[in-house]
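# Coordinates in review
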Amino acid sequence: GTPSLPAWREIERIMNAAHKHFKFDPEKVEVSIETTPKIAGSDLEKIKAYYKMGIRRISMGLQTTDFKQAKALGRDDANASADYLHKAVENIRAAGFQSFNID
């Protein structure tokens, strides 16, 4: 699944519960979330909210760089286009993330 699909406030609710039950410093413990290039590229507010709530790593699932093939396979929702990929990286960096990967 894609945990970044719900509204960021839902993720914040989960993070608040984790902080309540498990004491950890987000600067010492790396909390990660998975997203897609389309979500990261189109919703800077959500990406910034993740950083603000203590998430320090983003993993972006890139199914393929052959965007025509992705569309033919019905996977263009996740990948969209090279523009989304470039914008996703810009947004992730703008939000303050130092750690992210593309898989």
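The paragraphs below set out a description of the structure included in this document. Not measured: the values here are computed from a predicted model. (Residues numbered from 1 in each chain as written. Predicted model: local features only at pLDDT ≥ 70, side-chain atom pairs only at ≥ 80, totals over all residues. Heavy atoms only, no water.)

### With respect to the pattern of salt bridges
For the coordinates displayed, the defined rule picks out two salt bridges. The closest approach of N and O atoms between E10 and R13, which form a salt bridge, is 3.3 Å. A residue pair is termed a helical-turn pair when its members lie 3 or 4 positions apart in one helix, as E10 and R13 do in helix α1 (residues 8-21) at three residues. Using a relative accessible area of 37% as the deciding quantity, one classes E10 as partly exposed. Judged by relative accessible area, R13 falls into the exposed class, the value being 55%. K87 is the partner of E90 in a salt bridge, and the nearest nitrogen-oxygen pair spans 3.7 Å. Of the two residues, E90 and K87 both sit in helix α6 (residues 82-94), three residues apart, roughly one turn of that helix. By relative accessible area, K87 is classed as partly exposed at 36%. (Salt bridge = Lys/Arg side-chain N within 4 Å of Asp/Glu carboxyl O. Helix = DSSP H or I, 4+ residues; strand = E, 2+ residues; numbered from the N terminus. Buried < 20%, exposed > 50% of the residue type's maximum accessible area, 1.4 Å probe, protein only.)

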